[in-house]
Amino acid sequence: PQISNEVYTLNSSLTDLQDRSTLSQVQADVTELDSALSHLLGLLESARDKGFVYQKDLDEETYRIMDQWQPIRENVLRTIPQQAASLQNSLAPLSGQVSRLNSVMGNPTAAQPLLSNTYSQVNTLLGSVNEVEGSLRSSYSQIGSQASQLTARLNSVHWALNMLSESKLKLESNEKLVMAVQARWDQEGDDDPEGLLYLSNKRLVFERKEKVATKKILFF
């Protein structure tokens, strides 16, 4: 039973090593970050097209990280096949080791040292994979973090623009929306009206949003 459990653990680690040694997850990260930056740019352009003129740093920051991403992206894509090939070459000797281990599995005494040695080699190679993945990811982690922050800000802008489009509030000539937030009008008592607070370059407007409760009546 002990040998069986150790073989199961070894097989699991070996499968993980074979999968990760291709650096496919780093490749997936690059594709995902490409999509995230494209989405970010789309949100920015859409907000400007809808007439949102504030938070000019959004433009500067978006184009800055996109410019930074291009050389980093090229370097990562160039490095992935090189490092993956090196890792794959390091895995090659394990094939013979596993074959020898399989041939003596019926003899626990002979299998135990081979099992320990193979497991040690697999762990060493997993450490190498971790180092390569960590090095590549560190080169673009800040880009991903900044993209997420800018996307969150632009999502808030689009939410405010959507709320305004559904509102009875109509902007005047040369009036521009700055931001909108959910709000409650603080009054005495428990029935404080809830709604949206709009800030423009000309006004601060609270629009009440009534919540209508639907009565449920049971008929016999």
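Conventions and cut-offs
- Residues numbered from 1 in each chain as written.
- Predicted model: local features only at pLDDT ≥ 70, side-chain atom pairs only at ≥ 80, totals over all residues.
- Heavy atoms only, no water.
- pLDDT = per-residue confidence, 0-100.
- Helix = DSSP H or I, 4+ residues; strand = E, 2+ residues; numbered from the N terminus.
- Axes fitted to C-alpha atoms, helices over the stretch in contact; angles between N-to-C directions.
- Parallel < 35°, antiparallel > 145°, perpendicular 65-115°, else oblique.
- Left-handed = near helix turned anticlockwise from the far one by under 90°.
- Contact = heavy atoms within 4.5 Å.
- Core = buried A, V, L, I, M, F, W, Y, C linked by side-chain atoms within 4.5 Å.
- Buried < 20%, exposed > 50% of the residue type's maximum accessible area, 1.4 Å probe, protein only.
- Salt bridge = Lys/Arg side-chain N within 4 Å of Asp/Glu carboxyl O.
- 1 Å grid on protein atoms, 1.4 Å probe; cavity = no way out; pocket = protein on both sides within 12 Å on 5 of 7 lines; lining within 4 Å.
- Points joined across faces, edges and corners; volume = space filled by probe spheres on them.
- Nonpolar A, V, L, I, M, F, W, Y, C, P; charged D, E, K, R; others polar.
- Phe/Tyr/Trp six-rings, centres within 6.5 Å; stacked < 30°, edge-to-face > 60°.

Draft legend 1. Focus on the confidence of the model for the protein. On average, residues of the protein carry a pLDDT of 90, and 94% of them reach 70 or more. Averaged over each element, pLDDT in the protein is lowest for helix H1 (residues 2-20) (84) and highest for helix H2 (residues 24-49) (97).

Draft legend 2. Spotlight on the packing of H2 against helix H3 (residues 57-103). As a packed pair, H2 and H3 sit with axes 11 Å apart at the nearest point and diverge in direction by 160°. With respect to H3, the axis of H2 lies roughly antiparallel. As for the relative orientation of H2 and H3, their crossing is left-handed in sense. Contacts between H2 and H3 involve Val26, Gln27, Val30, Leu33, Asp34, Leu37, Leu40, Leu41, Leu44, Glu45 and Arg48 on the former and, on the latter, Leu58, Asp59, Thr62, Tyr63, Ile65, Met66, Trp69, Arg73, Val76, Leu77 and Ile80.

Draft legend 3. Layout of the environment of leucine 114. Here leucine 114 is to be found in helix H4 (residues 108-166). Each C-alpha atom, one on leucine 114 and one on glutamine 97, is 7.7 Å from the other, the two residues being 17 residues apart in sequence. Once residues within four sequence positions are removed from consideration, leucine 114 is found in contact with Gln97, Arg100, Leu101 and Val104.

Draft legend 4. Representation of the nonpolar core within the structure. Counting 49 residues, the largest nonpolar core has Leu17, Leu37 and Tyr198 as the members making the most contacts within it. Elements represented by at least two residues in this core include exactly H1, H2, H3, H4, strand E1 (177-184) and strand E2 (194-200). Considering each element in turn, this core owes the most residues, 18 residues, to H4. In this structure tyrosine 198 touches Met163, Leu164, Ser167, Leu169, Leu177, Met179, Ala180, Arg203, Leu204, Val205 and Glu207, once residues within four positions along its chain are discounted.

Draft legend 5. The pattern of salt bridges, seen in detail. All chains considered together, the criterion is met by 11 salt bridges. The shortest N-O distance in the salt bridge between arginine 73 and aspartate 34 comes to 2.9 Å. With arginine 73 in helix H3 and aspartate 34 in helix H2, the pair connects residues that are 39 residues apart, well separated along the chain. For arginine 73, a relative accessible area of 26% translates into the label partly exposed. With relative accessibility at 25%, the residue aspartate 34 sits in the partly exposed group. Each of the salt bridges in this network shares a partner with another, and the network as a whole consists of Asp16, Arg20, Asp29, Glu133 and Arg137.

Draft legend 6. Quick look at empty space enclosed by the protein. The final tally for this structure, using the stated rule, is 1 cavity of 30 Å³ or more. For the largest cavity, the full set of lining residues is Leu164, Leu169, Leu171, Glu175, Leu177, Tyr198, Leu199, Ser200, Arg203 and Val205. With 3 residues, the single largest contributor to the lining of the largest cavity is E2. Here the residues of the lining of the largest cavity sort into 7 nonpolar, 1 polar and 2 charged.

Draft legend 7. Examining the packing of aromatic side chains more closely. Counting across every chain of the model gives 3 aromatic pairs. Ring geometry for phenylalanine 52 against tyrosine 54: centres 6.4 Å apart, planes inclined by 75°, an arrangement best described as edge-to-face. With a centroid separation of 6.2 Å and an interplanar angle of 80°, the aromatic rings of tryptophan 69 and tyrosine 140 are classed as edge-to-face. Placement of the pair is tryptophan 69 in helix H3 and tyrosine 140 in helix H4, with a sequence separation of 71 residues. For tyrosine 140, a relative accessible area of 7% corresponds to the buried category.

Draft legend 8. Quick look at the packing of H3 against H4. For the pair H3 and H4, interaxial distance at closest approach is 10 Å and the crossing angle is 170°. In terms of orientation, H3 and H4 fall into the roughly antiparallel class. Among the residues making up the contact of H3 with H4, the classes are represented as 24 nonpolar, 12 polar and 5 charged.

Draft legend 9. Layout of unusual backbone geometry. Positive phi outside glycine occurs at leucine 23, with the angle close to 60°. Tracing the backbone shows leucine 23 in the loop between H1 and H2. Positive phi outside glycine occurs at asparagine 174, with the angle close to 65°. Judged by its relative accessible area of 63%, asparagine 174 falls in the exposed class.

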